[in-house]
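Chains, contacts and geometry: an overview
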Amino acid sequence: MAEFCKCSCPQPTKWMKGKVIGSGSFGSIHLAMDKATGGLFVVKSADSEAGLKCLENEVKILENLDSPHIVKFIGKDFSFEANGKRKLSLFIEYMTGGSLADVADKFGGSLDEEVISLYSKGILKGLKYLHENGIVHCDLKCKNILLGTSGEIKLADFGCAKRIKDNKVNGSRKSLSKSIGGTPLWMAPEILRNEELDFAADIWSLGCTIIEMATGKPPWGGDICTNPLAAVLKIACSNEMPQFPAHFSDDGLDFLAKCLERDTKKRWRVEQLLDHPFVSKKSKVKNLEKIDASTPASVLDARFFSEMDFLDESSDEDDSMSGNPFSMRCDSEFWISRRGGKNDLESSESWFTVRN
């Protein structure tokens with residue numbers, strides 16, 4: 001086995017790989033055990049070139065982060081197979097509560113507003129840390145947000161994340177959207193139009209994620225999911241908004257309006273949203289400080305780690321599409337471009353994920 005990288009957190013020197021708990025056309029996800037302590041952690045592995053690029057980006061982002069609101073990086077391992085092919089494995093902490101998508105599914109398909117309020121505050125704290133460090137997550141959705149048994153929220157899956165503070169041209173940020181991946185139904189209109197990437201893109205995705213938590217469905221409704229081209233055109237080029245949950249309070253609706261503002265200059269930032277009544281009212285969540293440790297997610301629940309899959313639960317490489325149905329122009333400015341070849345597009349249930 002190859003040498004582990006050096007990092008500030010303890011790393012297993014002897015470990016054993018357990019059952020596959022997630023897989024995709026980019027790689028696999030295993031439960032693993034530290035033989036010295038008996039502790040559990042997760043191993044994400046990639047053996048294809050596309051998978052390696054995605055995982056290398058995630059390692060590059062995660063190994064420099066240290067926050068209680070971000071899934072913890074434990075280590076990485078480079079190795080070579082018998083045929084000389086490179087293989088990269090990423091070690092991350094094991095979150096026992098599952099993803100928010102799994103939690104919603106196990107509690108009736110959607111979540112109550114008071115719980116959404118609590119989780120939204122946790123997501124905002126994670127985004128605040130990322131944005132302060134010049135990082136845009138770029139793929140925020142319920143599948144990429146993990147829950148601990150005590151209710152702690154942590155952001156995960158940084159395969160699409162971008163660091164923008166270090167990318168400046170003549171004092172201003174250069175556009176990185178040509179190399180952006182993500183899930184179009186959760187992506188901000190300006191990103192789908194190939195405009196400049198900014199932290200505001202994550203705020204739009206947060207609004208879409210709140211709708212997902214409240215309805216148990218992707219934003220923009222189910223019908224649009226069957227036509228990806230129409231979906232992208234509607235999000236990027238119209239003035240329409242995804243439908244807000246009808247049962248939400250005035251505070252909840254106002255919070256969503258602040259997130260889902262098409263004008264990026266008017267869209268609220270993380271610091272403003274943390275002071276919004278929707279997430280700042282402690283009385284609404286006073287009885288939700290703890291989530292019972294007997295969460296239905298088990299340590300070998302294969303659905304649990306679907307949020308950390310490289311292409312959202314698709315385990316058949318033949319399902320990956322060779323073309324990009326999202327590629328087109330709108331007012332000569334809008335496209336999702338290719339970088340050095342094809343984009344990898346996968347369908348996860350009813351929605352689509354683009355990875356570069």
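Residues numbered from 1 in each chain as written. Predicted model: local features only at pLDDT ≥ 70, side-chain atom pairs only at ≥ 80, totals over all residues. Heavy atoms only, no water.

On to the environment of M213, then. With respect to the helices, strands and loops of the structure, M213 is situated in helix α5 (residues 200–215). For M213, a relative accessible area of 0% puts it in the buried group. In the structure, M213 is positioned 72 residues away from K141 in sequence and 9.3 Å away in space, judged by C-alpha atoms. Leave out the neighbours within four places in its chain, and M213 touches L100, S110, L111, I116, Y119, S120, I123 and C142. (Helix = DSSP H or I, 4+ residues; strand = E, 2+ residues; numbered from the N terminus. Buried < 20%, exposed > 50% of the residue type's maximum accessible area, 1.4 Å probe, protein only. Contact = heavy atoms within 4.5 Å.)

Let us look at the side chain of K154. Along the chain, K154 falls in strand β8 (residues 153–155). Judged by relative accessible area, which is 11%, K154 ranks as buried. A distance of 2.8 Å separates polar atoms of two side chains, one belonging to K154 and the other to E93. K154 has contacts with P68, H69, I70, V71, E93, M95, N144, I145 and L146, leaving out every residue within four places of it along the chain. (Polar contact = N/O pair within 3.5 Å; in protein donor to acceptor, adjacent residues only side chain to side chain.)

A separate point is the confidence of the model for the protein. Scored by pLDDT, the protein has a mean of 76; 68% of the residues are at 70 or more. Ignoring residues within four places in sequence, the model shows residues 283–352, a span with pLDDT below 50, making 189 contacts including any to other chains. (pLDDT = per-residue confidence, 0-100.)

Of all seven residues that make up strand β3 (residues 40–46), six are buried, and the element is covered over most of its length. Here β3 runs beside strand β5 (residues 86–93); their pairing, made up of six bridges, is antiparallel. Pairing of A46 across the sheet is with L88, part of β5. (Pairing = 2+ DSSP bridges.)

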